[in-house]
Amino acid sequence: MAVHGLGAAKAHVDHVLERFGIRFTDTDISMSRVDFCVDLLAPDFVLIPDNFVMSSSTGRRDHITFDDTVGFGKSGRTTSVTVGAVANRQIIIYDKRAEIMAHQKPYWWEIWNHTLRKLNNGPAPYDTLHSERLDPTYHIPTALDPTDPTQSRVWRAEFRAGKNLLKDTWGIRTWADLFEKFGDLCRHSGEVVRYTDPAPLDLNRARWPNHVFWEIACAEMNDDLTEMRSGADPNPLKEIHREQHISTIFRNILGCSIALAALEGKKPADLPNVFDATAQQMKDAVQADSIKTERQLREASERYVFIQKPDAPM
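The structure reproduced in this document is the subject of the present report. (Residues numbered from 1 in each chain as written. Predicted model: local features only at pLDDT ≥ 70, side-chain atom pairs only at ≥ 80, totals over all residues. Heavy atoms only, no water.)

## Here we look at the overall build of the chain
Let me state the cut-off plainly: A run of DSSP states H or I qualifies as a helix once it reaches four residues; a run of E qualifies as a strand once it reaches two. Both are numbered from the N-terminal end. The classification of residues rests on relative accessible area computed with a 1.4 Å probe and restricted to protein chains. Under 20% of the type maximum is buried, over 50% is exposed, and intermediate values are partly exposed. Any two residues whose heavy atoms approach within 4.5 Å at even a single point are treated as in contact. Here, Shrake-Rupley sampling with a 1.4 Å probe gives the accessible areas, and only protein chains in the shown set may cover a residue.
Within the chain, the regular secondary structure consists of 10 helices and 7 strands. For the chain, with 314 residues in total, the buried portion stands at 32%. For the chain, contacts bridging at least 24 residues in sequence account for 67% of all contacts bridging at least 6. When the accessible area of the chain is evaluated, it comes to approximately 19,900 Å², of which 57% is carbon and sulfur surface.

Next comes the structure, spelled out in structure tokens:
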């Protein structure tokens, strides 16, 4: 993925499946998670968990490691912050340098150095992004020194889309859906969750400006995913998906009711009475165990929360 890109990775998967003789259609595809990452060389960046601004219902996990310091003792340093849930929207900022050192992934140094060499041969990056806040004397290194974290600290901003966000909110199921809408999904994620530069005198966190780190990460993401955007809005997509789901469930109920009538030896003319009798049996079952029914209804509401109407009861 890092070397050849998404298109080549998909082509490789298709080639392998073809060689194995595995035939499939677009509707056979099931995407459970899609990630997009941006790596930023930012040796002086300090990750502060409280600088994230997001919905009050969104969870957050912080990871702190203890680095040896030149002075006495040890000092804590936040190396990773995870916002959101893996099944829905999840955004992570973490120290990628520390991760590759801990998990023995030296190939990342060559990938990053290749990028640096291209940057040195081209125009200065991010010259339109808050240029007044960037050091104009900053020099892009030609290679990173893995032994010197003050020169080679790379941070990763990772945007993850889980199954619920992909299918239920954005209607992304096939490769065609992904190539059409994933850019819109990521752009939206970068707006509903933000890493900010706090304004101490403003108690309204929603008005805090984006940190330059976040501005750069989102600009790179949006630029790279321009061709994967259609301007789609998730709310109409949820409405369409909900109606499709209701239609599917109704067909299942009707089919099962007809199968039940067949097992009981009924004729076509008997179906209306069969449906009435089945409905009455369902009412009796609900009244016989109202606690179980209430629990089942609550669990179903939680399972379909991502495609319910905004004012639907929970």
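Anyway, onward from the coordinates.
## So, the nonpolar core
Note on soluble globular proteins: their nonpolar side chains tend to be buried together. Where we set the bar: Here, the term nonpolar core denotes a set of buried Ala, Val, Leu, Ile, Met, Phe, Trp, Tyr and Cys residues that are joined through side-chain atoms within 4.5 Å.
Counting residues in each nonpolar core, the largest one holds 35 residues, and the members touching the most others are Phe 45, Leu 47, Phe 52, Ile 93, Phe 182, Leu 185 and Met 221. Where this core is concerned, the elements lending two or more residues are strand 1 (33-41), strand 4 (74-84), strand 5 (89-95), strand 6 (154-162), helix 5 (163-169), helix 6 (175-192) and helix 7 (212-224). When residues in this core are grouped by element, the largest group, 7 residues, is from helix 7. If sequence neighbours within four positions are ignored, Leu 185 has contacts with Ala 161, Leu 165, Leu 166, Trp 170 and Ile 172. One finds Ile 100, Trp 108, Ile 111 and Ile 140 within the second-largest nonpolar core, a separate group that totals 9 residues.

## Focus on unusual backbone geometry
In this structure, Gln 104 takes a positive phi of about 55 degrees despite not being glycine. Gln 104 sits in the exposed class, given a relative accessible area of 66%.

## With respect to the packing of aromatic side chains
Stated precisely, the cut-off is as follows: Pairing of aromatic side chains here covers Phe, Tyr and the six-membered ring of Trp, requires ring centres within 6.5 Å, and sorts the geometry by plane angle: under 30 degrees stacked, over 60 edge-to-face, intermediate tilted. Working rule: Lys NZ or Arg CZ, within 6 Å of ring centre, within 35 degrees of ring normal, means a charge sits over the ring.
Counted according to the given criterion, the structure contains 9 aromatic pairs. Ring centres of Tyr 107 and Trp 108 lie 6.2 Å apart, and the angle between their planes is 40 degrees; this geometry places the pair in the tilted category. The class of Trp 108 is buried, set by a relative accessible area of 13%. Residues Trp 109 and Trp 112 carry aromatic rings whose centres are separated by 5.5 Å and whose planes lie at 85 degrees to one another, so their mutual orientation is edge-to-face. Of the two residues, Trp 109 and Trp 112 both sit in helix 3 (residues 107-120), 3 residues apart, roughly one turn of that helix. Assigned by exposure class, Trp 109 and Trp 112 land together as buried. Positioned above the aromatic ring of Trp 108, the side-chain terminus of Arg 156 is 4.8 Å from the ring centre.

## Details of the pairing of strand 5
Strand 5 sits mainly inside the fold: 7 of its 7 residues count as buried. The two faces of strand 5 match: Arg 89, Ile 91, Ile 93 and Asp 95 on one face and Gln 90, Ile 92 and Tyr 94 on the other face are all buried.

## Re a nonpolar patch on the surface
Put simply, the rule is: Note that patches include only residues with greater than 30% relative accessible area and no salt bridge, and the join distances are 9 Å for like charges and 5 Å for nonpolar side chains (Val, Leu, Ile, Met, Phe, Trp, Tyr). Criterion for a salt bridge: a side-chain nitrogen of Lys or Arg within 4 Å of a carboxyl oxygen of Asp or Glu.
On the surface, Phe 20, Ile 22 and Phe 24 cluster together into a nonpolar patch covering about 320 Å² of accessible area. Turning to its location among the elements, Ile 22 is positioned in the loop between helix 1 (5-19) and strand 1. Owing to a relative accessible area of 43%, Ile 22 belongs among the partly exposed residues under this scheme.

## Here's the deal with helix 6
Our working definition: By definition here, a helix of n residues has an expected span of 1.5 Å times n minus one. We define the bend at any residue as the angle between the axes fitted to the seven residues before and including it, ending there, and the seven starting there.
The end-to-end C-alpha separation of helix 6 is 25 Å, in line with the 26 Å expected for 18 residues at 1.5 Å each. The principal kink in helix 6, of about 50 degrees, is found at Lys 181. Within the span of helix 6, buried status applies to Asp 177, Leu 178, Lys 181, Phe 182, Gly 183, Asp 184, Leu 185, Cys 186, Ser 189 and Gly 190.

## Re the pairing of strand 6
Going by this rule: One bridge is not enough; two strands pair if DSSP finds at least two bridges between them.
Of all 9 residues in strand 6, 9 are buried, a share of seventy percent or more. Every second residue of strand 6 is oriented toward a common face, with Val 154, Arg 156, Glu 158, Arg 160 and Gly 162 on one face and Trp 155, Ala 157, Phe 159 and Ala 161 on the other, all of them buried. Bridging between strand 1 and strand 6 involves 9 bridges; their strand directions are antiparallel. Across the sheet, residue Asp 39 finds its bridge partner in strand 6, namely Arg 156.

## Quick notes on the packing of helix 6 against helix 7
Axis angle and axis distance: for two packed helices, these are the angle between their axes and the distance between the axes, and together they describe the pair. Stated precisely, the cut-off is as follows: Simply put, an axis is a line fit to the C-alpha atoms, just over the touching stretch for a helix, and the angle between two N-to-C directions goes from 0 to 180 degrees. Geometric relationships in this document are graded by angle, where less than 35 degrees denotes roughly parallel, more than 145 denotes roughly antiparallel, 65 to 115 denotes roughly perpendicular, and other angles denote oblique. Only Asp, Glu, Lys and Arg are considered charged, only Ala, Val, Leu, Ile, Met, Phe, Trp, Tyr, Cys and Pro nonpolar, and every remaining residue, Gly among them, polar.
Packing of helix 6 against helix 7 leaves a shortest axis separation of 10 Å and a crossing angle of 170 degrees. Considering the angle they form, helix 6 stands roughly antiparallel to helix 7. The residues of helix 7 that touch helix 6, namely those facing Cys 186, Arg 187 and Gly 190, are Trp 214, Cys 218, Met 221 and Asn 222. Its residues placed into classes, the contact of helix 6 with helix 7 shows 4 nonpolar, 2 polar and 1 charged.

## Describing the side chain of Gln 90
Keep this limit in mind: A 3.5 Å cut-off defines polar contacts: any pair of N or O atoms within that distance qualifies, except that in protein one atom must be a possible hydrogen donor and the other a possible acceptor, and neighbouring residues in sequence count only when both atoms are side-chain atoms.
In this fold, Gln 90 is placed in strand 5. Here Gly 84 takes part through its backbone oxygen, which lies 3.4 Å from a polar atom of the side chain of Gln 90.

## Focus: the pattern of salt bridges
Scanning all chains against the criterion turns up 13 salt bridges. As a salt-bridge pair, Arg 77 and Asp 95 come within 3.0 Å of each other at their nearest N and O atoms. Linking Arg 77 in strand 4 with Asp 95 in strand 5, this pair joins segments that are 18 residues apart in sequence. Using a relative accessible area of 2% as the deciding quantity, one classes Asp 95 as buried. Arg 295 is paired through a salt bridge with Glu 299; the nearest N and O atoms lie 3.4 Å apart. Pair noted here: Arg 295 and Glu 299 are both in helix 10 (residues 290-303), with a separation of 4 residues, about one helical turn. Members of the salt-bridge network, linked through shared partners, are Arg 33, Asp 35, Glu 158 and Arg 160.

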